[in-house]
Amino acid sequence: MKLCANQQAPEAARIFPFTLYESLCVRDPVGRPHPTKPNVVRMVPSIRWLQMAVHRAKTVRDILACMARQGHRMPPEMNLTLKKMWLVMDIATSARRAQVMHSDYFSALDIFHIQMFVVKLDMRFNDPIDGPGEDHLRKLMLGQRGLTPLCKLLKRTAFTETEEIVRAAVRYDWEVKPQHRHYSILGIPPEEIGTGHLEGWGKGRVHLYRPDELVVREAVRRRLDLKNHIMGMMLWGYVDPVTGKDTPATEDEMYMSDDGSKDRPKNPLWQDYEWLEIESKVYEETEELKESNDWAYAQKKREEREAAKKAEEVRKAEEAKRVEEE
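This one's a predicted model, so the numbers in the text were calculated from it and none came from an experiment. (Residues numbered from 1 in each chain as written. Predicted model: local features only at pLDDT ≥ 70, side-chain atom pairs only at ≥ 80, totals over all residues. Heavy atoms only, no water.)

We now examine the side chain of Glu 213. Here Glu 213 is to be found in helix α10 (residues 211-222). You can call Glu 213 buried: its relative accessible area is 17%. Excluding residues within four positions of it along the chain, Glu 213 makes contact with His 207 and Leu 208. (Helix = DSSP H or I, 4+ residues; strand = E, 2+ residues; numbered from the N terminus. Buried < 20%, exposed > 50% of the residue type's maximum accessible area, 1.4 Å probe, protein only. Contact = heavy atoms within 4.5 Å.)

Here is the structure:
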């Protein structure tokens, strides 16, 4: 599987290693042991991991192609940066996402490219004359569990109706009035309304930082001063700075492998899986995470620990006294 992935999607195979996706692995059919656990059969990548890697490589390429066809060209290195960003979007907690962004895995050029991608998305979703001058659609798409929804939106294969976008927005971060908390909205159960932006994709209690939020914090931490480059990001890819001539998108930048695929007959054995929506483990909020997210809860647990410690000391003192009397 690794050989096939290295042949079909080498960058994706390197950025999304199978060791990070336990649900996409299977036990070694040959039964070879784990290198550090001789009594345990090692896990190896499955065909699902291969399809996931190929799907993500294709999705990132199609996103850049859709943007190029609308006139919003990107640097060649943007392909790799978006794959790295997708890896961050697989993480269920803000602390772990920020930890990855802080590491050397993301270079200063990657931070610059992510911010450029955010700027170009806002330009794509807003008309310079008619507006609407909002960034909520960009936040909604970058708040999903990957880049597949964004790709479908740009390719107009999903989110083609206003109601569909509104439903996604309601599920993501809609604030329900107290008198309406027990009612469904557009068919969405009340317990799912406004939970998509929480850690664990709705299982937690605090906001899960999106890539566009993380990149701003990381740029400030590294003192990259990106605010002075926003105009350059907006103008990049339209005019050659040397000749002053227009630079239209090339055939390679606009290439999409599935052009005309709807007209081709489909293999009856093919199953159309959505490899973005990999069923992840149920997000469980640990005691440590609860205490870090809720000051009152942390204070209560601290008092309980102190009371238990004092009770233990009293018990030991009474036991020692009883032993001496005997």
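The discussion continues.
Further remarks concern the nonpolar core. Of all hydrophobic cores here, the largest spans 59 residues; its most connected members are Phe 16, Leu 82, Met 85, Met 101, Phe 117, Leu 147 and Leu 150. Among the elements that take part in this core, helix α3 (residues 47-69) stands out by supplying 11 residues, more than any other. With sequence-adjacent residues up to four places away left out, Met 101 is seen in contact with Val 88, Phe 106, Ile 111, Ile 114, Leu 214, Val 215, Glu 218 and Arg 222. (Core = buried A, V, L, I, M, F, W, Y, C linked by side-chain atoms within 4.5 Å.)

With that settled, consider empty space enclosed by the protein. According to the stated counting rule, one finds one cavity of 30 Å³ or more in the structure shown. Considered as a void within the structure, the largest cavity measures approximately 40 Å³ in volume. Around the largest cavity, the lining residues are Arg 97, Leu 142, Gly 143, Gln 144, Tyr 172, His 197, Leu 208 and Arg 210. Looking at the lining of the largest cavity residue by residue, the classes come out as three nonpolar, three polar and two charged. (1 Å grid on protein atoms, 1.4 Å probe; cavity = no way out; pocket = protein on both sides within 12 Å on 5 of 7 lines; lining within 4 Å. Points joined across faces, edges and corners; volume = space filled by probe spheres on them. Nonpolar A, V, L, I, M, F, W, Y, C, P; charged D, E, K, R; others polar.)

Relative to the assigned elements, Met 141 resides in helix α7 (residues 136-142). Its relative accessible area of 1% is what places Met 141 among the buried residues. Each residue touching Met 141, except ones within four places of it in the same chain, is listed here: Met 89, Gly 146, Pro 149, Leu 150, Leu 153 and Phe 159.

Our next topic: the packing of aromatic side chains. In this structure the tally under the stated criterion is two aromatic pairs. Centre to centre, the rings of Phe 18 and Trp 49 are 6.1 Å apart; their planes meet at 80°, and the pair counts as edge-to-face. Pair noted here: Phe 18 is in the loop between α2 (10-15) and β1 (25-27) and Trp 49 is in helix α3, with a separation of 31 residues, a long-range link. Take Phe 18: its relative accessible area is 16%, and that puts it in the buried class. Assessed through its relative accessible area of 2%, Trp 49 is described here as buried. An angle of 75° between the planes, with centres 5.6 Å apart, marks the rings of Tyr 105 and Phe 106 as edge-to-face. Here Arg 56 stacks its cationic end above the ring of Phe 16, 4.8 Å away from the centre of that ring. Lying across the ring of Tyr 209, Arg 217 places its NZ or CZ 4.2 Å from the centre. (Phe/Tyr/Trp six-rings, centres within 6.5 Å; stacked < 30°, edge-to-face > 60°. Lys NZ or Arg CZ within 6 Å of the ring centre and 35° of its normal.)

With 12 residues, α10 ought to run about 16 Å at 1.5 Å a step, and its terminal C-alpha atoms sit 16 Å apart, in line with that. Burial in α10 covers these residues: Pro 211, Asp 212, Glu 213, Leu 214, Val 215, Glu 218 and Ala 219. Backbone geometry just after α10 places Arg 223 at a positive phi near 60°. (Expected span 1.5 Å × (residues − 1).)

Here we take up the pattern of salt bridges. In a structure, side chains of opposite charge can pair up when their charged atoms sit close to one another. Tallied over the full model, the rule gives 22 salt bridges. Across the salt bridge formed by Lys 139 and Asp 135, the nearest N and O atoms sit 3.5 Å from each other. Residue class for Lys 139 comes out partly exposed when judged on its relative accessible area of 27%. What makes Asp 135 partly exposed here is its relative accessible area of 28%. Two residues, Lys 227 and Asp 225, come together in a salt bridge whose shortest N-O distance is 2.8 Å. When its relative accessible area of 65% is taken as the criterion, Lys 227 is described as exposed. For Asp 225, a relative accessible area of 34% corresponds to the partly exposed category. Sharing partners across several salt bridges, the network here consists of Asp 122, Asp 135, Arg 138, Lys 139, Arg 210, Asp 212 and Glu 213. (Salt bridge = Lys/Arg side-chain N within 4 Å of Asp/Glu carboxyl O.)

Packed helices, taken two at a time, are described by their axes: the angle between them and the distance between them. Viewed as axis vectors pointing N to C, helix α4 (residues 78-89) and helix α6 (residues 108-125) meet at an angle of 90°, and their least axial separation amounts to 9 Å. Taken together, the axes of α4 and α6 lie roughly perpendicular to each other. Between α4 and α6, the residues in contact are Met 78, Thr 81, Leu 82, Lys 84 and Met 85 and Asp 110, His 113, Ile 114, Met 116 and Phe 117, respectively. Within the contact of α4 with α6, the residues separate by chemical class into six nonpolar, two polar and two charged. (Axes fitted to C-alpha atoms, helices over the stretch in contact; angles between N-to-C directions. Parallel < 35°, antiparallel > 145°, perpendicular 65-115°, else oblique.)

A few words on the packing of α6 against helix α8 (residues 148-155). Close contact between α6 and α8 brings their axes to 13 Å; oriented N to C, the two are set at 35°. Judged by the sense of rotation from one axis to the other, the crossing of α6 with α8 is left-handed. Between α6 and α8, the contacting residues are Phe 117, Leu 121, Arg 124 and Phe 125 on the first element and Leu 150, Leu 153 and Leu 154 on the second. Looking at side-chain class alone, the contact of α6 with α8 contains six nonpolar, no polar and one charged residues. (Left-handed = near helix turned anticlockwise from the far one by under 90°.)

Another aspect to go through is the confidence of the model for the protein. For the protein, per-residue confidence averages 85 on the pLDDT scale, and 88% of positions sit at 70 or higher. Mean pLDDT values over the elements of the protein span from 62, in helix α12 (residues 287-293), up to 95, in α4. Residue range residues 272-283 is modelled with pLDDT below 50. Its contacts to residues more than four positions away, or to other chains, number 30 contacts. (pLDDT = per-residue confidence, 0-100.)

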